[in-house]
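# Structure at a glance
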Amino acid sequence: MARTSGAAAVTIDAAGVPVGATFRTTPGNPATAGLNWTPSSRQAGRSFVLTFTAQPDPPSAPAGTRRLLVEVVRALARSFALSTHDRATYRYAFVMRRAVARAGPSRRAAPVATLALLTPEGTTNLVLALEGRRTRSGVWIRVRLPVLPNNRTGWVQRRALSDWKVLRTRLVVDHRTLTLTLYRAGRPVYSANVGVGSPRWPTPRGEFYVRNMLYGFDDPFYGPIAYGTSARSPVLTDWPGGGFIGIHGTDRPGILPGRVSHGCIRMKNGDIVRLARLLPVGTPLTIR
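As the structure is a computational prediction, the values presented were derived from the model and not from experiment.

A few words now on the overall build of the protein chain. In terms of helices and strands, the protein chain carries 1 helix and 23 strands. Radius of gyration (C-alpha) of the protein chain: 30 Å, far over the 19 Å computed for a compact globule of 288 residues. The C-alpha extent of the protein chain, read off along each of the three principal axes, is 100 × 40 × 30 Å. Put simply, the protein chain has 288 residues, and 43% of those count as buried. Across the protein chain, the fraction of contacts at a sequence separation of at least 24, relative to all contacts at a separation of at least 6, is 56%. When the accessible area of the protein chain is evaluated, it comes to approximately 15500 Å², of which 51% is carbon and sulfur surface. Placing the 40 positive and 14 negative side-chain charges of the protein chain at their respective mean positions leaves the two points 5 Å apart.

What follows is the structure, given as structure tokens:
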């Protein structure tokens with residue numbers, strides 16, 4: 001609004017009005033003007049100088065000028081994806097402090113699990129991060145949980161986790177074809193025949209992740225290398241650690257492929273040694 005003493009009317013002009021903005025003015029004494037502008041994504045990161053000039057009519061006093069510097073910043077999305085099959089990009093993080101996973105991104109949401117610093121095998125615990133949410137109480141991350149029932153997720157505060165580790169690998173185990181396939185950037189790079197759980201002790205289906213890698217076993221039953229996953233047996237919950245499903249070698253390669261295990265995924269020893277050169281921990285695991 002602009003007023004000039006002694007003038008019959010005042011007009012307001014504007015210069016530097018950005019693309020997409022509308023400027024409306026009503027002459028008078030006082031004169032009024034309004035600028036309506038929602039910056040586009042292309043204008044983010046740029047600066048604009050807007051100049052407004054109030055001119056009396058007739059010119060009985062000097063024109064009044066005001067300049068405004070407007071900087072358009074990129075707004076932070078309230079929700080953001082962290083892992084997606086569409087882009088074959090996945091993120092995991094280590095658990096840096098004991099944390100309660102909740103049903104929603106709020107301290108008031110019901111607790112669904114507790115994340116410990118270590119796995120039952122004594123390795124540093126990690127979680128696959130699915131998405132994030134910015135709230136008034138901070139940033140929350142939805143993660144896959146290594147709990148029963150399988151395929152459960154929960155929200156933990158971002159400060160409980162390490163920096164992100166980014167992967168392009170994905171592991172798929174197929175019950176029908178009895179195969180294991182490793183993908184990198186969406187393309188298959190390794191495949192092998194496997195054994196899965198028998199009907200009595202089934203290998204669970206769903207979305208999981210590779211939790212750790214173990215080696216140096218004295219028992220040839222497990223072969224030279226074993227991977228621990230977040231999947232858990234729905235029937236053998238009295239196993240050490242609570243019945244976690246592993247991917248490991250075997251001293252009986254002749255039984256593969258087949259439905260021959262108590263739920264774990266068995267591979268020939270040579271196959272799992274080759275897989276170990278390609279498969280990093282944190283990799284998402286699909287069992288279908």
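That shown, we press on.
With that settled, the discussion passes to the pattern of salt bridges. Applying the stated criterion across every chain, the model contains 4 salt bridges. Notably, a salt bridge pairs Asp271 with Arg274, separated by 2.7 Å at the nearest N-O pair. Residue Asp271 and its partner Arg274 are located together in helix α1 (residues 269–276), separated by 3 residues, close to a single helical turn.

All buried positions along α1 are accounted for by Asp271, Ile272 and Leu275. Mapping the buried residues of α1 onto a view down its axis gives an arc of 95°, with all of them on the same face. Each element contacted by the buried residues of α1 is listed here: β14 (169–174), β15 (179–184), β16 (187–193), β19 (225–232) and β20 (244–248).

What follows is about the sheet that holds strand β4 (residues 47–57). Ordered in space as β1-β4-β5, the 3 strands form an open sheet in which the pairing is antiparallel. On the outer flanks of this sheet lie β1 (9–15) and β5 (64–71), each paired with one strand and no other. Sheet twist, expressed as the average angle between the axes of neighbouring strands with direction ignored, equals 20°.

Before going further, it helps to examine the pairing of β4. Sheet topology note: the β1/β4 ladder contains 7 bridges and is antiparallel. Bridge pairing in β4 links Val10 to Pro56. Relative to β5, β4 runs antiparallel, the two being bridged by 8 bridges. Considered in β5, the bridge of Thr53 is made with Thr65. Where β4 folds back on β5, the antiparallel hairpin that results is connected by 6 residues.

Attention now moves to the packing of aromatic side chains. In this structure the tally under the stated criterion is 3 aromatic pairs. With a centroid separation of 5.9 Å and an interplanar angle of 40°, the aromatic rings of Phe23 and Phe52 are classed as tilted. Taken together, the residues Phe23 in strand β2 (residues 22–26) and Phe52 in strand β4 connect sequence positions 29 residues apart. Judged by centre distance (5.7 Å) and plane angle (80°), the rings of Tyr92 and Phe94 are edge-to-face. For Tyr92, a relative accessible area of 9% translates into the label buried.

The rules behind these values
- Position labels on residues start from 1 in each chain and follow its written sequence.
- Note on the predicted model: pLDDT of at least 70 is required for a residue's local features to be given, and 80 or more for side-chain atom pairs to be given and counted; whole-chain, interface and lining totals, by contrast, use all residues.
- By convention in this description, side-chain values take in all heavy atoms of the structure and omit both hydrogens and water.
- The helix count covers DSSP runs of H or I at least four residues long, the strand count covers runs of E at least two residues long, and both are numbered beginning at the N terminus.
- For a compact globule the rule gives 2.2 Å times the number of residues to the power 0.38, and the radius of gyration it is set against comes from C-alpha atoms.
- Only protein chains enter the accessibility calculation, which uses a 1.4 Å probe; a residue is then buried when its area is under 20% of its type maximum, exposed when over 50%, and partly exposed in between.
- Whether two residues touch is decided by their heavy atoms; if any such pair falls within 4.5 Å, the residues are in contact.
- Where accessible areas are quoted, they stem from the Shrake-Rupley method and a 1.4 Å probe; at the residue level, only the protein chains shown are allowed to cover.
- Just so you know, the count uses Lys and Arg for positive and Asp and Glu for negative, and it drops His and the chain ends.
- Charge positions are represented by NZ for Lys, CZ for Arg, CG for Asp and CD for Glu.
- Throughout this description, the term salt bridge denotes a Lys or Arg side-chain nitrogen within 4 Å of a carboxyl oxygen of Asp or Glu.
- The arc under discussion is defined with respect to the helix axis, by the directions toward the C-beta atoms.
- Pairing between strands is defined by DSSP: at least two bridges between them are needed.
- Geometry is summarised by axes, namely lines fitted to C-alpha atoms with helices restricted to the contacting stretch, and by angles between N-to-C directions that run from 0 to 180 degrees.
- Paired rings are identified among Phe, Tyr and Trp, the last through its six-membered ring, by centres lying within 6.5 Å, and are further divided according to the angle between planes into stacked (under 30 degrees), edge-to-face (over 60) and tilted (the rest).

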